[in-house]
Amino acid sequence: AQHFLARSRQHATLGAFLALDEEATLAQARAADARIASGDRAPLLGVPVAHKDIFVTRDFPSTAGSKMLQDYRSPFDATVVRKLAEAGAVTLGKLNCDEFAMGSSNENSAYGPVKNPWDPSRIPGGSSGGSAAAVAARLAPAATGTDTGGSIRQPASFCGITGIKPTYGRASRYGMIAYASSLDQAGPMARSAEDCALLLSAMCGPDPDCDSTSLDLPAEDFTRALGGSMEGLRIGVPKEFFAEGVAADVRAAIEGALREYEKLGARRVEISLPRTELAIPVYYIIAPAEASSNLSRFDGVKFGYRAKKYGDLLDMYRKTRAEGFGEEVKARIMIGTYVLSHGYYDAYYLQAQKVRRMIADDFQRAFQQCDVIAGPVAPSVAWKLGGHGGDPLADYLADIFTLPGSLAGLPGMSIPVGFGEGGMPVGLQLIGNYFQEGRLLNAAHGFQ
Ligand code: GLN
């Protein structure tokens, strides 16, 4: 823990951490030492893990990258944080992210952007940009992230690390500050599929009292799935994931990875996910709709920021929200409120829900032909800070390959497979069918 704390301080200019507290970390480390001394053999005993600042923690502030929650302290730990601590993990600190996990570049954080350790003039990806940068720069051996529409997979890809988003419902959302509840899912980000398997095993499991959407499936030891042969593994390659718009360097790295898999005995199967493009409008209706509802709790009354000067109660709400939320969050609250409003609900929200179902059905058809689906995580390598010139649409379009799996609730991961323009890492996305995390991690491990 001391080693990683020192490195984190040394590399503070990356902007990966929002909170470090040596005393709190070392107290947890000493408690882990005591458990080791008493013969405890918990799987992560003494392993330092940093948490995305979207998870609430008792020992550290929890901001969700927002001014709205500046200096906020939670009275409890998120279930995922608690479970990791029970498995022996030591909290290293809290990691920067896009405000309320809304973004693809970490530039929407109220506390400044994170720099990509491979090239500090570039973004680390988002919204779990701090998590990806911290692991890539070896400021932490592993980190937690959350993925609503790609926020584990895309930053993992951009920073050359491994990350997995499990099946929706595998990990409890209790204490994960909500963005879009039907999509939000926690997962680990680490150096390898093996490390991810260790962490994910500790993070998952039912939590019926705290999250009614957590699945009633027993915790699994995903490390037991590792080491299986790639012989005969059917890898589905959707033709829509190689459409124009995918940069040549990314295409080359992905093709190279697929050839490697073939050498290991896997079989490449051409498949189609015909509604891939529709995932963008569908996601950017459903996610803001749910966000507009979830973020109504930030009203200056119960917790968090409150405007200093105001007239009546309504004015207090108005000023608190105007001052506490950043631009992108406000834009999404407005989009969400609009698509849910009377007269527009049927045209936008309901329609989006119907197409979401069709996207999920497309995956089920595809999985009749293959065991896992593979393709790029994003159409390009990490772009330059400010590279999209503040155009949110450019960010939204870059989410095209991660959104379909999110809408379907499927597990997905990113593993580093090569380098592209500017020597930047390229990640291969692997998507599995529901509850196939073990198969996914094994496929990733086989490559690594
Ligand atoms: N980039 C997507 C968004 O801004 C996904 C973010 C996420 O997965 N949290 O909504």
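Values in this document were obtained by computation on a predicted structure and should not be read as measured data.

Asks: Just checking my understanding: could you explain unusual backbone geometry for this structure?
Replies: Leave glycine aside and you will find that most residues have negative phi; peptide bonds, for their part, are mostly trans. Note that the residue after Gly 126, namely Ser 127, is joined by a cis bond; omega there is 5 degrees. Tracing the chain through its elements places Ser 127 in the loop between β3 (90-95) and α4 (129-136). Phi is positive for Ala 64, which is not a glycine, with a value near 55 degrees. Position of Ala 64 among the secondary structure elements: in the loop between β2 (48-52) and α3 (79-86). With phi around 55 degrees, Phe 100 is a residue other than glycine that occupies positive phi space. Structurally, Phe 100 can be placed in the loop between β3 and α4.

Asks: Is there a simple way to explain the UniProt feature "active site" (unreviewed entry) in the chain in this structure?
Replies: Following the UniProt record, the feature "active site" (unreviewed entry) maps to Lys 52, Ser 127 and Ser 151 here. Spanning 100 residues, the annotated positions come together in the fold, the maximum distance between their C-alpha atoms being 10.9 Å. By C-beta crowding, Ser 127 is classed as buried, having 34 other C-beta atoms within 10 Å. Residues contacting Ser 127, with those up to four places away along its chain left out, are Cys 97, Asp 98, Ala 101, Met 102, Gly 103, Asn 106 and Ser 151. With respect to the secondary-structure elements, Ser 151 resides in the loop between β4 (142-147) and α5 (153-159). With 36 C-beta atoms packed within 10 Å, Ser 151 lands in the buried category. Filtering out sequence-adjacent residues up to four positions away, Ser 151 remains in contact with Ala 101, Gly 126, Ser 127, Ser 128, Gly 145 and Thr 146.

Asks: For this particular structure, what's the right way to read the sheet that holds strand β7 (residues 234-238)?
Replies: Hydrogen bonds between backbone atoms are what pair the strands of a sheet, whose relative direction is either parallel or antiparallel. Spatial strand order, β1-β3-β2-β4-β6-β5-β10-β11-β9-β7-β8: eleven strands in an open sheet with mixed pairing. Each edge of the sheet is formed by a strand with only one pairing partner; in this case those strands are β1 (17-19) and β8 (267-271). Strand after strand, the sheet turns through a mean of 35 degrees between neighbouring axes, direction not considered. Taken together, the seven bridges between strand β10 (residues 412-419) and strand β11 (residues 425-432) define a ladder with antiparallel strand orientation. In the strand pairing of β11, Phe 419 is matched with Pro 425. Relative to strand β6 (residues 185-190), helix α6 (residues 193-203) is tilted by about 145 degrees, and along the sheet it contacts β4, β5 (162-165), β6 and β10.

Conventions we followed
- All residue numbers refer to positions counted from 1 along the written sequence of the respective chain.
- Residue-level local features of this predicted model are given only where pLDDT is at least 70; pairs of side-chain atoms are given and counted only at 80 or more, and the full residue set underlies all totals for whole chains, interfaces and linings.
- Going along the chain from the N terminus, every DSSP run of H or I of four or more residues is numbered as a helix, and every run of E of two or more is numbered as a strand.
- UniProt positions are given in the numbering used here, feature names are shortened, and annotations may be inferred rather than shown by experiment.
- Buried, partly exposed and exposed are defined by the number of other C-beta atoms within 10 Å of a residue's own C-beta, namely 20 or more, between the two limits, and 12 or fewer respectively, with C-beta atoms placed from the backbone.
- Note on contacts: each residue gets a C-beta atom placed from the backbone, and two residues are in contact if those atoms are within 7 Å.
- Strands are labelled as partners when DSSP assigns at least two bridges between them.
- Under this scheme, a helix contributes an axis fitted over its contacting stretch, all axes are lines through C-alpha atoms, and angles between N-to-C directions fall in the 0 to 180 degree range.

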